[in-house]
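# Structure at a glance
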Amino acid sequence: MKFLVRERIFDIGDDFWVTDENGDRAFWVDGKALRLRTTFELKDPGGRLLLTIREKKLAIRDTMRIEHDGETVATVRRRLISPFRDRLTVDFEDGAEWQVTGDLLDKEYTIGDGGGPVAAISRKWFSLRDTYAVDVNTYRTDAGGDPALVIAVAVAVDAISEDRKGKGEED
């Protein structure tokens, strides 16, 4: 199932809607302004909190945690050494791991694991620079088929990439 992420570039707090392929509102990403660390809340259209995406401070490498009810579900982090392409890992509390590979700054990347593709993220079909698609493999019966979790990972990847871009670092 495809979801469209339309970020508001100049919006205080980085709040934006994620719509499904039919144009219906699926998730609200509520960026929390004026916090010491980057924080987003992923909510359903009714405003119910689903997941919290929070930057982990004092980490050796760029790291974002995804939490549900205050408990860490997954941790998204940049690999220390990745000489040929952008690469992040998503480590789950149950021991599972996803790989995020591709061009993170231009939002042309994939998420996958040993079980196959989890999602493809792309903005090549959109003329608006702040819009990209997240195509979630909802046929999976594990965490990879959970659209909210996959959207949360995409938001975390975007936050890590934008943070490095803001520091003037090359990926």
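For the structure, see preceding data.
At Asp69, a residue that is not glycine, the phi angle is positive and equals roughly 55 degrees. Structurally, Asp69 can be placed in the loop between strand S6 (63-68) and strand S7 (71-78). The class of Asp69 is exposed, set by a relative accessible area of 68%. Positioned with a positive phi, Lys107 is a non-glycine residue whose angle comes to about 55 degrees.

Moving on, we get to the packing of aromatic side chains. Taken as a whole and judged by the stated rule, the model has three aromatic pairs. Where Phe3 meets Phe27, the ring centres are 5.9 Å apart and the plane angle is 50 degrees; that geometry is what we call tilted. Highlighted residues: Phe3 in strand S1 (residues 2-6) and Phe27 in strand S3 (residues 25-31), separated in sequence by 24 residues. You can call Phe3 buried: its relative accessible area is 3%.

This brings us to the nonpolar core. Membership of the largest hydrophobic core comes to 42 residues, with the highest contact counts inside it found for Ile111 and Val134. Ranked by residue count, the leading element in this core is helix H1 (residues 147-166), at 12 residues. The residues contacting Ile111, other than those within four sequence positions of it, are Trp98, Gln99, Val100, Pro117, Val118, Ala119, Ile121, Val150 and Val153.

On to the pairing of S3. Most of S3 is tucked away: six of the seven residues are buried. In this structure, the hairpin formed by strand S2 (residues 16-20) and S3 is closed by a connection of four residues, where Gly23 is found at a positive phi of approximately 90 degrees.

What the rule picks out here adds up to 11 salt bridges. The salt bridge partner of Glu41 is Lys43, with a shortest N-O separation of 3.5 Å. The buried category is assigned to Glu41, whose relative accessible area is 17%. With a closest N to O distance of 2.8 Å, Arg140 and Asp113 form a salt bridge. Residue Arg140 is located in the loop between strand S12 (131-136) and H1, and its partner Asp113 is located in strand S10 (residues 108-113); the two are separated by 27 residues in the primary sequence. Under the relative-accessibility criterion, Asp113 is labelled partly exposed at 23%.

Turning to its location among the elements, Arg54 is positioned in strand S5 (residues 49-55). On the accessibility criterion, Arg54 (17% relative accessible area) is buried. There is a polar contact of 3.0 Å between the side chain of Arg54 and the side chain of Glu67.

What counts, and where the lines are drawn
- Residues numbered from 1 in each chain as written.
- Predicted model: local features only at pLDDT ≥ 70, side-chain atom pairs only at ≥ 80, totals over all residues.
- Heavy atoms only, no water.
- Helix = DSSP H or I, 4+ residues; strand = E, 2+ residues; numbered from the N terminus.
- Buried < 20%, exposed > 50% of the residue type's maximum accessible area, 1.4 Å probe, protein only.
- Phe/Tyr/Trp six-rings, centres within 6.5 Å; stacked < 30°, edge-to-face > 60°.
- Core = buried A, V, L, I, M, F, W, Y, C linked by side-chain atoms within 4.5 Å.
- Contact = heavy atoms within 4.5 Å.
- Pairing = 2+ DSSP bridges.
- Salt bridge = Lys/Arg side-chain N within 4 Å of Asp/Glu carboxyl O.
- Polar contact = N/O pair within 3.5 Å; in protein donor to acceptor, adjacent residues only side chain to side chain.

Geometry only, nothing functional implied.
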